[in-house]
Amino acid sequence: MLNHICKCQNNSIHPENPDRLKIIWTKFNDENLINKCQLVKSRRAMREELQTCHSKAYVDMYASSQHAREPLLYETFEQRFCRLPCGGVGVDNDTIWNDQHTVNAARIAAGCVIELSYKVAIGELKNGFALVRPPGHHAEDTQAMGFCYFNSVGVATKLLLDKLNMKRILIVDWDVHHGNSTQQIFYADPRVLYISLHRYDNGNFFPGTGDANECGIDKGCGFNINIGWFEIPMSDAEYLAAFRCIVMPIARQFNPELVMVSAGFDAAAGHATPLGGYSLSPQCFGHMTQQLMSLANGKVVLALEGGYELLPLAESCVSCLKALVGMPLKPISPEELCRPPCQQAIKVLDMTINIQGVYWPCLAEFKESISKSQIEAEQGGIN
Ligand SMILES: O=C(c1ccc(C(O)(O)C(F)(F)F)s1)N1CCn2c(-c3ccccc3)cnc2C1
Ligand SMILES: [Zn+2]
């Protein structure tokens, strides 16, 4: 997965680059966390696995290396790519293509999430963190976009449903960008509850999807929850309120058999717009992980999505892994614990409760809690 780089080899113009995985792994080592983990052997996702979420033509296009592509396909293939300003090649300006390595990297990323989630689902592993790239939550059934080729979390979830006959899987997506593809894949499926917390800016933030009114369709109605924030910097207080008043009440009622997390860390402090713009602390991600571990007998699988500022990214991943291995977490700052969510966030939470309260009656009792700080809410007996 480290070899998936632009031909121009200029990491400063390609934020989704191998340094991301290198620094996370280094920090895991520095914190002596690797020896608390069991490493899972990676593999490439097979075509038929990828075809659970992507069309056959798409998989043939992006999952077969150069020589394996039939000549006809090759023409279409050539049309699929454009020359980038940096001299490299890509599907679009952001989604670079390396003809030798992208196929393997994208298939190994999906294969890692498949392997890990399977082992957690059958109880062979307690929980896990898939350190993978390229990310996946924007890759649609027939369209690579936003650094993504295959929706690793989507494919792994589909396989747990199909192969293990699982009935209730929660996907929490806390990447600052909405997981348009994950929403689309499970939009009509009541077996998968998709909850996304993302910067929405009324559709003016990449990828532009993720409106609070997108609740799912048919049998999937009510199983798609979008908490779409505005541009005003959101931080720990807002995310803690969202978890306390919306994410956890619904998740507890849904009672998932397993929790998948599209764990992007570009909401962490240090990320500027358009690759972020919020200021979550690294420990906030660990605390959100810890809360999710109270569900599904602790069967929680994190899969890396975005996150580009190397130090905040690595520190946030360390915080999540410490939660997963049961180590104590750095506390959330007193300032954030005592601060009520900002007005904009209260409006978003209130609107989301009004919309989703139709499907999740449990939310009504949390309506008055959204304007409280975490400390105040805990004193009032709501945690
Ligand atoms: O914001 C995005 C994202 C694409 C994928 C994103 C993700 O959600 O973080 C994922 F998928 F990688 F996890 S975030 N894009 C692509 C990169 N980009 C940029 C770039 C910014 C700096 C360098 C290159 C591109 C500006 N606007 C965009 C829109
Ligand atoms: Zn992102």
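Note that this is a predicted model, so its numbers are computed, not measured.

Engineer: Give a description of the overall build of the protein chain that names residues and reports values.
Structural biologist: Scanning the protein chain from terminus to terminus reveals 13 helices and eight strands. For a compact globule of 383 residues, the expected C-alpha radius of gyration is about 21 Å, and the protein chain comes in at 20 Å, within 12% of that figure. With the C-alpha coordinates aligned to their principal axes, the bounding extent of the protein chain is approximately 65 × 45 × 45 Å. Here the protein chain, with 383 residues, has 58% of them falling under the buried criterion. Averaged over its 33 positive side-chain charges, the protein chain has a centre that lies 6 Å from the centre of its 40 negative ones.

Engineer: Please provide a residue-by-residue account of the pairing of strand E8 (residues 300–304), values included.
Structural biologist: With five of five residues buried, E8 lies mostly within the body of the structure. Every second residue of E8 is oriented toward a common face, with Val300, Leu302 and Leu304 on one face and Val301 and Ala303 on the other, all of them buried. Relative to E8, strand E3 (residues 128–130) is paired through three bridges, and the arrangement is parallel. Of the residues in E8, the one forming a bridge with Gly128 is Val301. In this structure, strand E7 (residues 258–263) lies alongside E8, joined through five bridges in parallel fashion. The partner of Val261 across the bridge, within E8, is Leu302. One crossover worth recording links E7 to the parallel E8 by way of helix H9 (residues 282–292), and it is right-handed.

Engineer: Hey, could you go over the coordination of the zinc ion (ligand 2) for me, with residue numbers and the actual values?
Structural biologist: Within the first shell, the zinc ion (ligand 2) binds the protein through Asp175 (OD), Asp175 (OD), His177 (ND1) and Asp266 (OD), at distances of 1.9 to 2.8 Å. Here the zinc ion (ligand 2) is ringed by six donor atoms whose angles at the metal span 52 to 153°, and the overall shape comes out irregular.

Engineer: Describe the site of ligand 1, listing the residues and the values that go with them.
Structural biologist: What surrounds ligand 1 is a group of 18 residues, the closest being His137, His138, Gly146, Asp266 and Tyr308. In this structure, an oxygen atom belonging to ligand 1 sits 2.8 Å away from a side-chain N or O atom of His137. Between ligand 1 and His138, the relevant distance is 2.7 Å, taken from an oxygen atom to a side-chain nitrogen or oxygen of the residue. Protein coverage of the free-state accessible area of ligand 1, which is 580 Å², stands at 82%. In terms of residue class, the shell around ligand 1 is built from nine nonpolar, five polar and four charged.

Engineer: Pulling in residues and values, what's your account of the packing of H9 against helix H10 (residues 310–324)?
Structural biologist: Relative orientation of the contacting elements H9 and H10 amounts to 30°, with a least axis distance of 7 Å. Taken as axis vectors, H9 and H10 run roughly parallel relative to one another. By crossing handedness, the relation of H9 to H10 is classed as right-handed. Contact with H9, carried on its side by Pro282, Gln283, Phe285, Gly286, Thr289 and Gln290, involves Glu315, Ser316, Ser319, Cys320, Ala323 and Leu324 of H10 and no other residues of that element. Here the contact of H9 with H10 is composed, by residue class, of five nonpolar, six polar and one charged.

Engineer: Which residues make up the pattern of salt bridges, and what are the values?
Structural biologist: Overall, the coordinates contain 14 salt bridges when judged by the stated rule. In this structure, the salt-bridge partner of Glu49 is Arg43, at a minimum N-O distance of 2.8 Å. Note on Glu49: relative accessible area 9%, which makes it buried. In this structure Arg43 comes out as partly exposed when scored by relative accessible area, which is 25%. For Arg339, the salt bridge identified is with Glu238, shortest N-O distance 2.6 Å. On the criterion of sequence distance, the pair formed by Arg339 in the loop between helix H11 (334–338) and helix H12 (343–356) and Glu238 in helix H8 (residues 236–254) is long-range, its members being 101 residues apart.

Engineer: So what's going on with the pairing of E7? Residues and values would help.
Structural biologist: Each regular strand displays side chains that alternate between the two surfaces of the sheet. Within E7, six of the six residues are buried, leaving the element largely enclosed by the surrounding structure. Burial of the side chains of E7 extends over both faces: Leu258, Met260 and Ser262 are buried on one face and Val259, Val261 and Ala263 on the other.

Engineer: Summarise the confidence of the model for the protein chain; cite the residues concerned and give the values.
Structural biologist: Here the protein chain shows a mean pLDDT of 95. Residues at 70 or above account for 96%. The ipTM assigned to the predicted complex is 0.94, against a pTM of 0.97.

Engineer: Lay out the nonpolar core in plain terms, naming residues and giving numbers.
Structural biologist: Phe129, Trp174 and Trp229 are the most contacted members of the largest nonpolar core, which totals 70 residues. Within the second largest apolar cluster, 46 residues are counted, among which are Ile114, Leu116, Leu125 and Val153.

Engineer: I'd like to hear about H8, residue by residue, with values.
Structural biologist: Helical periodicity: at 3.6 residues per turn, an α-helix aligns residues three or four positions apart in one direction. At Phe243, H8 shows its maximal bend, which comes to roughly 45°. Within H8, 17 of the 19 residues are buried, leaving the element largely enclosed by the surrounding structure.

Engineer: Can you lay out the environment of Cys112 for me, pointing to particular residues and giving the numbers?
Structural biologist: With respect to the helices, strands and loops of the structure, Cys112 is situated in helix H5 (residues 102–121). Take Cys112: its relative accessible area is 14%, and that puts it in the buried class. Through-space distance from the C-alpha of Cys112 to that of Pro15 is 22 Å; in sequence the pair is 97 residues apart. If we skip the residues at most four places from it in the chain, Cys112 touches Met1, Ser42, Arg43 and Val132.

Engineer: Could you give an account of the sheet that holds E7, naming the residues involved and the relevant values?
Structural biologist: One open sheet holds the six strands; their spatial order is E3-E8-E7-E4-E5-E6, and the pairing between them is parallel. Taken across any chain shown, the strands that pair with only one partner, and hence form the sheet edges, are E3 and strand E6 (224–229). Put simply, the sheet's adjacent strands are angled 15° from each other on average, direction ignored. Across six bridges, strand E5 (residues 192–199) lies against E6 in parallel orientation. Counterpart to Ser196 in the pairing with E6 is Asn226.

Definitions and cut-offs
Residues numbered from 1 in each chain as written. Chains lettered and ligands numbered in written order. Predicted model: local features only at pLDDT ≥ 70, side-chain atom pairs only at ≥ 80, totals over all residues. Heavy atoms only, no water. Helix = DSSP H or I, 4+ residues; strand = E, 2+ residues; numbered from the N terminus. Rg over C-alpha atoms; globule rule 2.2 N^0.38 Å. Buried < 20%, exposed > 50% of the residue type's maximum accessible area, 1.4 Å probe, protein only. Lys, Arg positive; Asp, Glu negative; His and termini not counted. Charge placed at Lys NZ, Arg CZ, Asp CG, Glu CD. Pairing = 2+ DSSP bridges. Right-handed = clockwise from strand over helix to strand, strands pointing away. Donors = N, O, S within 2.8 Å, 3.2 Å for Na, K, Ca; no water. Tetrahedral: all angles 85-135°; square planar, octahedral: opposite > 155°, others 65-115°. Near = heavy atom within 4 Å. Polar contact = N/O pair within 3.5 Å; in protein donor to acceptor, adjacent residues only side chain to side chain. Areas by Shrake-Rupley, 256 points an atom, 1.4 Å probe, with all protein chains shown as cover. Nonpolar A, V, L, I, M, F, W, Y, C, P; charged D, E, K, R; others polar. Axes fitted to C-alpha atoms, helices over the stretch in contact; angles between N-to-C directions. Parallel < 35°, antiparallel > 145°, perpendicular 65-115°, else oblique. Left-handed = near helix turned anticlockwise from the far one by under 90°. Contact = heavy atoms within 4.5 Å. Salt bridge = Lys/Arg side-chain N within 4 Å of Asp/Glu carboxyl O. pLDDT = per-residue confidence, 0-100. Core = buried A, V, L, I, M, F, W, Y, C linked by side-chain atoms within 4.5 Å. Bend = angle between axes of the 7 residues up to and from the residue.

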